[in-house]
Amino acid sequence: MFLDYFALGVLFFVVITLFYAVIAIHDIPHLMAKARNHPHQDAIHVAGWVSLFTLHAIWPFLFIWATIYREDRGWGIRSDGKLSPAQEANAEIARLHARIAELEGQSEGQSSERENA
């Protein structure tokens, strides 16, 4: 008699755990989109819930949709893997600013050494 109730309890536990696991798995694309500051976060979240009712048929597409966007390069779909010309120019400007700041820091250090000598 005890084993019957124990087996029923285990069965309920497994069913409830699987239910929540499926829901958690279907929320992964939304969490990824949120972390990447995706412009379509809400649509991905709603589509994740819809995929529960479509027997998970669209979930792989949601995963791809959520991962294809990155905030630093946008959609970034190019065959050669390079950045767009505007982003490349901005990256080069940022590198030059960092180099100038480094050189100015070195020149200030040398001028203070000369003053101390």
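Look up: the structure comes first, before these words.
Quick summary incoming for the structure in this document. (Residues numbered from 1 in each chain as written. Predicted model: local features only at pLDDT ≥ 70, side-chain atom pairs only at ≥ 80, totals over all residues. Heavy atoms only, no water.)

Some details on unusual backbone geometry
At Asn37, a residue that is not glycine, the phi angle is positive and equals roughly 55 degrees. Looking at where Asn37 falls in the secondary structure, it is placed in the loop between helix H2 (28-35) and helix H3 (41-53). In this model, His56 sits at a positive phi of 70 degrees, which is unusual for a non-glycine residue. In this structure, His56 sits in the loop between H3 and helix H4 (59-67). (Helix = DSSP H or I, 4+ residues; strand = E, 2+ residues; numbered from the N terminus.)

With respect to the packing of H2 against H3
One way to put it is that H2 packs onto H3 with a least axis distance of 8 Å and a crossing angle of 170 degrees. Relative to H3, the element H2 lies roughly antiparallel. Contact with H2, carried on its side by Pro29, His30, Ala33 and Lys34, involves Gln41, Ile44 and His45 of H3 and no other residues of that element. Tallied by class, residues from the contact of H2 with H3 come to three nonpolar, three polar and one charged. (Axes fitted to C-alpha atoms, helices over the stretch in contact; angles between N-to-C directions. Parallel < 35°, antiparallel > 145°, perpendicular 65-115°, else oblique. Contact = heavy atoms within 4.5 Å. Nonpolar A, V, L, I, M, F, W, Y, C, P; charged D, E, K, R; others polar.)

Quick notes on the side chain of His38
The residue His38 is located in the loop between H2 and H3 in this model. Among the residues examined, His38 registers a relative accessible area of 2% and is labelled buried. At 3.0 Å, the side chain of His38 and the backbone oxygen of Trp65 are in polar contact. Sequence-distant contacts of His38, defined by excluding residues within four places in its chain, comprise Ala33, Ile44, Trp65, Ala66, Tyr69 and Trp75. (Buried < 20%, exposed > 50% of the residue type's maximum accessible area, 1.4 Å probe, protein only. Polar contact = N/O pair within 3.5 Å; in protein donor to acceptor, adjacent residues only side chain to side chain.)

Quick look at the pattern of salt bridges
Side chains bearing opposite charge may pair, as long as their charged atoms lie close to each other. Counted by the stated rule, this structure contains two salt bridges. For Glu92, the salt bridge goes to Arg95, with nearest N and O atoms at 2.6 Å. Here Glu92 and its partner Arg95 are both found in helix H5 (residues 85-116), three residues apart, which amounts to about one turn of the helix. A relative accessible area of 51% means that Arg95 is categorised as exposed. Between Arg99 and Glu102 there is a salt bridge; the shortest N-O distance is 3.1 Å. On the criterion of helical spacing, the pair formed by Arg99 and Glu102 is a turn pair, its members being three residues apart in helix H5. (Salt bridge = Lys/Arg side-chain N within 4 Å of Asp/Glu carboxyl O.)

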